[in-house]
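# Survey of secondary and tertiary structure
These are the residues of each chain, in order.
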Amino acid sequence: MASKSGNKSQVHELLYQALETEKGGILIYQAAISCATNKDLRKEWESYLEETQTHHEVLLNVFKELELDPEAQTPGREVVAHLGESLLAAIKLAKASGDAQAAQLVAAECVVLAETKDHSNWELIGLLADKLPAKEAKILNQAYEAVNEDEEHHLYHTKGWARELWIESLGFPAVLPPPEEVKDVETAIGAARAQQSREKMLGKRH
């Protein structure tokens, strides 16, 4: 039977996974930046790195207010850490190959994978902010409001970069920076509309 306060242990599990995701995201962005040959993408990722560091601090504050140990390990957190380490290893492997363009593309794909998990975490935290008792809800809502817009940018903009870098690598005209970046999309609907506009944007450039 569902509880009005939810499954407390699983609520905490989500927060531990979210904290680990942000922690790993810092390292992934640092590695990705080292692979960025496109100056616009490098600038984008540098700003995302700063924001991810802030998100990590936001979550540490949530842990403090909820009196949770940020160093505690859970099975799910260990899995998230392993996935992060795997993405980091993939970026390093691609960079070691000596093909700068390929390494940049791999880095973009790894950022998308990391940000997909990150985005999902924050969606669920936002859901909790609507369902938990008042004290916990207020703490989580403040964190969600501080982070959510950044998370939308990180995921949808980098997905656009990865797509356009792939198209460029295939030998076809790409929209760089991608439509998602140009139109500053903040939602899935906005990202879909931006992608649909790419042919029109290409026409203006050629």
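Now for a description of the structure that goes with this document.

Conventions we followed
Residues numbered from 1 in each chain as written. Predicted model: local features only at pLDDT ≥ 70, side-chain atom pairs only at ≥ 80, totals over all residues. Heavy atoms only, no water. Phe/Tyr/Trp six-rings, centres within 6.5 Å; stacked < 30°, edge-to-face > 60°. Helix = DSSP H or I, 4+ residues; strand = E, 2+ residues; numbered from the N terminus. Buried < 20%, exposed > 50% of the residue type's maximum accessible area, 1.4 Å probe, protein only. Expected span 1.5 Å × (residues − 1). Bend = angle between axes of the 7 residues up to and from the residue. Axes fitted to C-alpha atoms, helices over the stretch in contact; angles between N-to-C directions. Parallel < 35°, antiparallel > 145°, perpendicular 65-115°, else oblique. Left-handed = near helix turned anticlockwise from the far one by under 90°. Nonpolar A, V, L, I, M, F, W, Y, C, P; charged D, E, K, R; others polar. Polar contact = N/O pair within 3.5 Å; in protein donor to acceptor, adjacent residues only side chain to side chain. Core = buried A, V, L, I, M, F, W, Y, C linked by side-chain atoms within 4.5 Å. 1 Å grid on protein atoms, 1.4 Å probe; cavity = no way out; pocket = protein on both sides within 12 Å on 5 of 7 lines; lining within 4 Å. Points joined across faces, edges and corners; volume = space filled by probe spheres on them.

Applying the stated criterion across every chain, the model contains 2 aromatic pairs. Residues Y16 and F63 carry aromatic rings whose centres are separated by 5.0 Å and whose planes lie at 75 degrees to one another, so their mutual orientation is edge-to-face. Taken together, the residues span a long stretch of sequence, with Y16 in helix 1 (residues 8-33) and F63 in helix 2 (residues 39-66) at a distance of 47 residues. On the basis of relative accessibility, which here comes to 8%, the residue Y16 falls in the buried class.

Its 36 residues give helix 5 (residues 134-169) an end-to-end C-alpha distance of 51 Å, which sits within 8% of 52 Å, the value for a rise of 1.5 Å per residue. A bend of about 40 degrees at V147 is the largest found in helix 5. Downstream of helix 5 by a residue or two, G171 has a phi angle that is positive, lying close to 90 degrees.

Time to look at the packing of helix 2 against helix 5. Interhelical geometry of helix 2 versus helix 5 gives an angle of 155 degrees and a closest axis separation of 10 Å. Of the possible angle classes, the one that applies to helix 2 and helix 5 is roughly antiparallel. Crossing geometry of helix 2 relative to helix 5 is assigned as left-handed. Its residues placed into classes, the contact of helix 2 with helix 5 shows 12 nonpolar, 6 polar and 7 charged.

With respect to the secondary-structure elements, N38 resides in the loop between helix 1 and helix 2. A polar contact is formed between the side chain of N38 and the backbone nitrogen of D40, at a distance of 2.9 Å.

What follows deals with the nonpolar core. A general feature of soluble globular proteins is that nonpolar side chains tend to end up buried together. Core analysis: the largest hydrophobic core is formed by 35 residues, its most contacted members being I28, Y29, W45, I91, A107, V111 and L165. The element best represented in this core is helix 4 (residues 100-131), accounting for 8 residues. Membership of the second largest hydrophobic core comes to 21 residues, among which are A18, L132, I139 and Y144.

What follows deals with the layout of surface pockets. Put simply, the largest pocket is a space of about 240 Å³. Taken together, 13 residues form the lining of the largest pocket, with K8, H12, L66, L132 and E136 sitting closest to its centre. Residue composition of the lining of the largest pocket, grouped by class: 6 nonpolar, 2 polar and 5 charged. Approximately 160 Å³ is the volume found for the second largest pocket. In this structure, the second largest pocket is lined by E20, T21, G24, G25, I28, V80, L83, G84, L87, L113, A114 and K117. Elements with a minimum of two residues in the lining of the second largest pocket: helix 1, helix 3 (75-96) and helix 4. Sort the elements by how many residues they give to the lining of the second largest pocket and helix 1 lands first, with 5 residues. Residues of the lining of the second largest pocket, tallied by class, amount to 6 nonpolar, 4 polar and 2 charged.

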